[in-house]
Amino acid sequence: LYLTIDQGGHAIRAMIFDSQCQRLTEAHEDITTIQPQANHVEYDASTLLETIKRTITTAINQLPPGRHNLCGAALATQRSNIVCWNDISGEPLSPIISWQDRRGAAWLEQFSEHADDIHRITGLFLSAHYGASKFRWCLDKLPRVRHALESNCLAIGPMASFLIYHLVKERPLLTDPVNASRTLLWDIEHHDWSPRLLRLFDLPTTALPKCVPTRHPYGTLDLSGHEIPLTIVTGDQAAALFAHGKPELKTIYVTIGTGAFIQRIIGPKPQF
């Protein structure tokens, strides 16, 4: 049996499938964003984490007797959400700031002359939609984040990194390429954080998670008395490409949720 966890913009879902892709159980809980002021869109990090744990537990508990042989788990998340936390205690130091949030837009305008370089390195356009300006806002505006940096216990990363850290018992500081690529800090050619962009935005390399492949031994989920290896982490839109099996090279895929996304497979090399 396989556990899948979908952390979306409006709800969290957990589903369990058998090896013939038949869905055995499903649980979901709605979530809501907090908008404390104009251009601010966020989630309470602790509340969202507990909701995910509760949803997973509900899905597992729905399994019939004797059908608890869970051999793997996968996690798909909103891609451009970010969060800061203490990598010793695990305490959240910021809210989860949503991809819809634009609190860093004015600050980001100063880098407009670097827009072409940023696009070449990341494949993205200069926008507050992505993580860089959100990280910088946390460092500049939240004293606890700054103090953690000065105390060498700060972790910053895509929301996926925060969830991995808290859901698996090994507490690794990891992320996957899909979520890393939505931070405006990821070099898509060299498959690593860009030293040039980290210097440009004055962000600390040491606080970022290590990026590993989408399919990787991330650690062990330990919920409801079951130990389940977490082996896949990716972004929601990337996961959606596989909803009907292996993506076709000649097909364009459109997914519509809080946002609308058009995607197609282009091969191993980035194209601009």
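This text goes with the structure placed above it.
Bear in mind the structure is a predicted one, so any value in this text is a computation, not a measurement.

## Focus: the overall build of the protein chain
Along its length, the protein chain carries nine helices and 16 strands. Taken against the 2.2 N^0.38 rule, which gives 19 Å for 272 residues, the C-alpha radius of gyration of the protein chain at 18 Å falls within 12% of a compact globule. C-alpha atoms of the protein chain, sized along the principal axes, occupy 60 × 45 × 35 Å. The burial tally for the protein chain puts 51% of its 272 residues in the buried class. Residue pairs in contact within the protein chain that sit at least 24 positions apart in sequence constitute 65% of those at least 6 positions apart. Looking at the protein chain as shown, the accessible area adds up to about 13500 Å², and 52% of this sits on carbon and sulfur atoms. Looking at charge distribution, the protein chain has the averaged site of its 25 positive side-chain charges lying 4 Å from that of its 27 negative ones.

## Description of the pairing of strand β5 (residues 72-77)
Of all six residues making up β5, five are buried, and the element is well covered by its neighbours. Two elements, β5 and strand β14 (residues 226-235), share five bridges in a ladder whose sense is parallel. Residue pairing across strands places Thr77 opposite Gly235, the latter belonging to β14.

## Observations concerning a nonpolar patch on the surface
Judged by side-chain polarity, Ile252, Val254, Ile256 and Ile262 come together as a nonpolar surface patch covering roughly 470 Å² of accessible area. Structurally, Ile256 is set in strand β15 (residues 253-256).

## Overview of the nonpolar core
Ranked by size, the top nonpolar core spans 40 residues in total, and within it Leu3, Leu48, Leu163, Leu221 and Leu230 carry the most contacts. Secondary structure elements with two or more residues in this core: β1 (2-7), β2 (11-17), α1 (45-61), β5, β6 (82-86), α6 (159-167), β13 (215-223) and β14. Membership of the second largest hydrophobic core comes to 35 residues, among which are Leu185, Trp186, Leu197 and Leu198.

## A closer look at α1
For α1, built from 17 residues, the straight-helix expectation of 24 Å at 1.5 Å per residue is met to within 8% by its first-to-last C-alpha distance of 25 Å. When α1 is considered as a whole, its buried residues turn out to be Ala45, Leu48, Leu49, Thr51, Ile52, Thr55, Ile56, Ala59 and Ile60. Buried residues of α1 fall within an arc of 170° about the axis and therefore sit on the same side.

## Quick notes on the packing of aromatic side chains
Here the structure, examined in full by the defined rule, presents six aromatic pairs. Pairwise contacts between aromatic rings join Trp85, Phe162 and Tyr165 into one cluster. Over the face of the ring belonging to Phe261 we find Arg79, whose NZ or CZ atom lies 4.9 Å from the ring centre. Directly above the ring of Trp137 sits Arg103, whose terminal nitrogen or CZ lies 4.4 Å from the centroid.

## Notes on the packing of α1 against α6
Each pair of packed helices can be summarised by the angle the axes make with each other and by the distance between the axes. Interaxial distance between α1 and α6 falls to 11 Å at its minimum, and their mutual angle equals 60°. Relative to α6, the element α1 lies oblique. The element α1 and its partner α6 pack so that their crossing is right-handed. On α6, the residues that touch Ala45, Leu48, Leu49, Ile52 and Lys53 of α1 are Met159, Phe162, Leu163, His166 and Leu167. Split by residue class, the contact of α1 with α6 holds eight nonpolar, one polar and one charged.

## Re the sheet that holds β2
Read from one edge to the other, the open sheet built from six strands follows the order β3-β2-β1-β5-β14-β13, with strand pairing classed as mixed. Strands with a single pairing partner mark the edges of an open sheet, and in this sheet they are β3 (23-30) and β13. Recorded for the sheet is a direction-independent mean angle of 25° between the axes of neighbouring strands. Packing of α1 onto the sheet brings it into contact with β1, β2, β3, β13 and β14, and relative to β2 it is tilted by some 30°. Running over the sheet, α6 touches β1, β5, β13 and β14 and is turned about 150° from β5.

Rules used throughout
- Residues numbered from 1 in each chain as written.
- Predicted model: local features only at pLDDT ≥ 70, side-chain atom pairs only at ≥ 80, totals over all residues.
- Heavy atoms only, no water.
- Helix = DSSP H or I, 4+ residues; strand = E, 2+ residues; numbered from the N terminus.
- Rg over C-alpha atoms; globule rule 2.2 N^0.38 Å.
- Buried < 20%, exposed > 50% of the residue type's maximum accessible area, 1.4 Å probe, protein only.
- Contact = heavy atoms within 4.5 Å.
- Areas by Shrake-Rupley, 256 points an atom, 1.4 Å probe, with all protein chains shown as cover.
- Lys, Arg positive; Asp, Glu negative; His and termini not counted.
- Charge placed at Lys NZ, Arg CZ, Asp CG, Glu CD.
- Pairing = 2+ DSSP bridges.
- Patch = residues over 30% accessible without salt bridge, like charges linked within 9 Å, V, L, I, M, F, W, Y side chains within 5 Å.
- Salt bridge = Lys/Arg side-chain N within 4 Å of Asp/Glu carboxyl O.
- Core = buried A, V, L, I, M, F, W, Y, C linked by side-chain atoms within 4.5 Å.
- Expected span 1.5 Å × (residues − 1).
- Arc of directions from axis to C-beta.
- Phe/Tyr/Trp six-rings, centres within 6.5 Å; stacked < 30°, edge-to-face > 60°.
- Lys NZ or Arg CZ within 6 Å of the ring centre and 35° of its normal.
- Axes fitted to C-alpha atoms, helices over the stretch in contact; angles between N-to-C directions.
- Parallel < 35°, antiparallel > 145°, perpendicular 65-115°, else oblique.
- Left-handed = near helix turned anticlockwise from the far one by under 90°.
- Nonpolar A, V, L, I, M, F, W, Y, C, P; charged D, E, K, R; others polar.

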